[in-house]
Amino acid sequence: MPHLDAAYNLARWLARPPVDADDIVQEAMLRAYSSFETFRGSDGKPWLLAIVRNCFLTAVGRSRRPLAATVPLDDDVALGDPALFADEPDAESVVIQFEQGRRLGGIIEGLPEDFREVLVLREMEDLSYRQIAQITGAPIGTVMSRLARARTMLKTRWRSDEPGAPHAMQ
């Protein structure tokens, strides 16, 4: 139960629509509960997140088709509710920070699934490369490579989407 928020966070970033994330987390918690006696280790977070990931993959099937139509994350779920910045003295900086959070969330949503997954697990859930490798079933080198590529894509898209930035020709 202490990792329920992390499980929902991962499911939300993978599945996107809240209703699908709810279903995935519910299925993952049922699986975790029914197989808890097989858990061997000291940290349950990577184990639970691996179950969440597997439930997601099962839900989308081998074709990796989306569960539902892609919808943007709610503003308060994406990267912050403006109320979180209530003690900020400058209203303009609050708006700028909130808009940057929304923009960042949109860019992360646009990353390919394999890259978005490792980025969320590393940067938002603060898992080690080894834990991410356990969750995804990928070698540590692949995790490191995907994370580096995800960060590069994020940086490139951030810069190209900046207001006033020159856009590449299509």
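See the structure printed just above.
**Student:** Explain the environment of Y33 to me, using residue names and the numbers behind them.
**Tutor:** Along the chain, Y33 falls in helix α2 (residues 18–34). Under the relative-accessibility criterion, Y33 is labelled exposed at 71%. Separated by 15 residues in the primary sequence, Y33 and L48 place their C-alpha atoms 9.9 Å from one another.

**Student:** Mind laying out the pattern of salt bridges, listing which residues take part and the relevant values?
**Tutor:** Within this structure, the stated rule accounts for 4 salt bridges. Of the charged contacts, one joins E125 and K45 as a salt bridge, the two residues approaching to 3.4 Å between their closest N and O atoms. Taken together, the positions of E125 in the loop between α6 (113–124) and α7 (129–136) and K45 in helix α3 (residues 44–60) put the pair 80 residues apart, joining distant regions of the chain. Owing to a relative accessible area of 9%, E125 belongs among the buried residues under this scheme.

**Student:** Explain α6 residue by residue, including any values.
**Tutor:** Here α6 is 12 residues long and its end C-alpha atoms lie 15 Å apart, about the 16 Å a rise of 1.5 Å per residue gives. For α6, every residue scored as buried is listed here: E113, F115, R116, E117, V118, L119, V120 and L121. Directly beyond the C-terminal end of α6, a positive phi value near 55° is found at D126.

**Student:** Lay out the packing of α6 against α7 in plain terms, naming residues and giving numbers.
**Tutor:** Where α6 meets α7, the axes come as close as 10 Å, and the angle between the chain directions of the two elements is 140°. The pairing of α6 with α7 is recorded here as oblique in orientation. Crossing of α6 over α7 shows right-handed handedness. Of the residues in α7, those touching α6 at E117, V118, L121 and R122 are Y129, I132, I135 and T136. Here the contact of α6 with α7 is composed, by residue class, of 5 nonpolar, 1 polar and 2 charged.

Conventions used here
Residues numbered from 1 in each chain as written. Predicted model: local features only at pLDDT ≥ 70, side-chain atom pairs only at ≥ 80, totals over all residues. Heavy atoms only, no water. Helix = DSSP H or I, 4+ residues; strand = E, 2+ residues; numbered from the N terminus. Buried < 20%, exposed > 50% of the residue type's maximum accessible area, 1.4 Å probe, protein only. Salt bridge = Lys/Arg side-chain N within 4 Å of Asp/Glu carboxyl O. Expected span 1.5 Å × (residues − 1). Axes fitted to C-alpha atoms, helices over the stretch in contact; angles between N-to-C directions. Parallel < 35°, antiparallel > 145°, perpendicular 65-115°, else oblique. Left-handed = near helix turned anticlockwise from the far one by under 90°. Contact = heavy atoms within 4.5 Å. Nonpolar A, V, L, I, M, F, W, Y, C, P; charged D, E, K, R; others polar.

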